[in-house]
Amino acid sequence: QVQLVESGGGLVQTGQSLRLSCVASGTGVNIKSMAWYRQSPGNEREFVAAIIGGTNIRYKESLRGRFTILGDNAKNTVYLQMNMLKPEDTAVYYCYADLGSSERWGQGTQVTVSS
């Protein structure tokens, strides 16, 4: 059974940075892609960034340049480096993994950016 565990969220001020981590653990892990999504109160969950097949990287266009997704295949870990954070980045950030025949979501980690 594959599990995703996120960490790295917290409270920061506008302009500061955070780095989120997501570790996929379990037997027979065969990850096709990993991604980050976020959800703020009253809004639907939205796509942030993804690594597909280990090399193909995609971003929500408005976040390109401030957010960077990084993957470590050997550790089954994906990171989200978030720079120049803004109050509108406040949300619960979720890790997602496509395992081919199934998918997994992490429990989420709260990111709060104060003005």
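Placed above this text is the structure.
These remarks concern the structure in this document. (Residues numbered from 1 in each chain as written. Predicted model: local features only at pLDDT ≥ 70, side-chain atom pairs only at ≥ 80, totals over all residues. Heavy atoms only, no water.)

1. Some remarks on the layout of surface pockets
Here is step 1 of the chain: What the largest pocket holds in volume is close to 240 Å³.
Here is step 2 of the chain: Lining the largest pocket are 13 residues, with I31, M34, I51, G54 and N73 sitting closest to its centre.
Here is step 3 of the chain: Of all elements in the fold, only β4 (33–39), β7 (67–72) and β8 (77–82) reach the threshold of two or more residues within the lining of the largest pocket.
Here is step 4 of the chain: Of the residues that constitute the lining of the largest pocket, the class distribution is 4 nonpolar, 7 polar and 2 charged. (1 Å grid on protein atoms, 1.4 Å probe; cavity = no way out; pocket = protein on both sides within 12 Å on 5 of 7 lines; lining within 4 Å. Points joined across faces, edges and corners; volume = space filled by probe spheres on them. Helix = DSSP H or I, 4+ residues; strand = E, 2+ residues; numbered from the N terminus. Nonpolar A, V, L, I, M, F, W, Y, C, P; charged D, E, K, R; others polar.)

2. Remarks on the sheet that holds strand β3 (residues 18–25)
Here is step 1 of the chain: Read across the sheet, 4 strands follow the order β1-β3-β8-β7 without closing on themselves; strand pairing throughout is antiparallel. In the strand order of this sheet, the two ends are held by β1 (3–7) and β7, each with one partner. Looking at each pair of strands side by side, their axes are set apart by 15 degrees on average, direction ignored.
Here is step 2 of the chain: Summarising the sheet, β7 and β8 pair through 6 bridges and their orientation is antiparallel. Paired with G71 across the strands is V78, a residue of β8. (Pairing = 2+ DSSP bridges. Axes fitted to C-alpha atoms, helices over the stretch in contact; angles between N-to-C directions.)

3. Focus on the environment of A49
Here is step 1 of the chain: By the secondary structure assignment, A49 is in strand β5 (residues 46–52).
Here is step 2 of the chain: You can call A49 buried: its relative accessible area is 0%.
Here is step 3 of the chain: It is 8.2 Å that separates the C-alpha atoms of A49 and F67, two residues lying 18 residues apart in sequence. (Buried < 20%, exposed > 50% of the residue type's maximum accessible area, 1.4 Å probe, protein only.)

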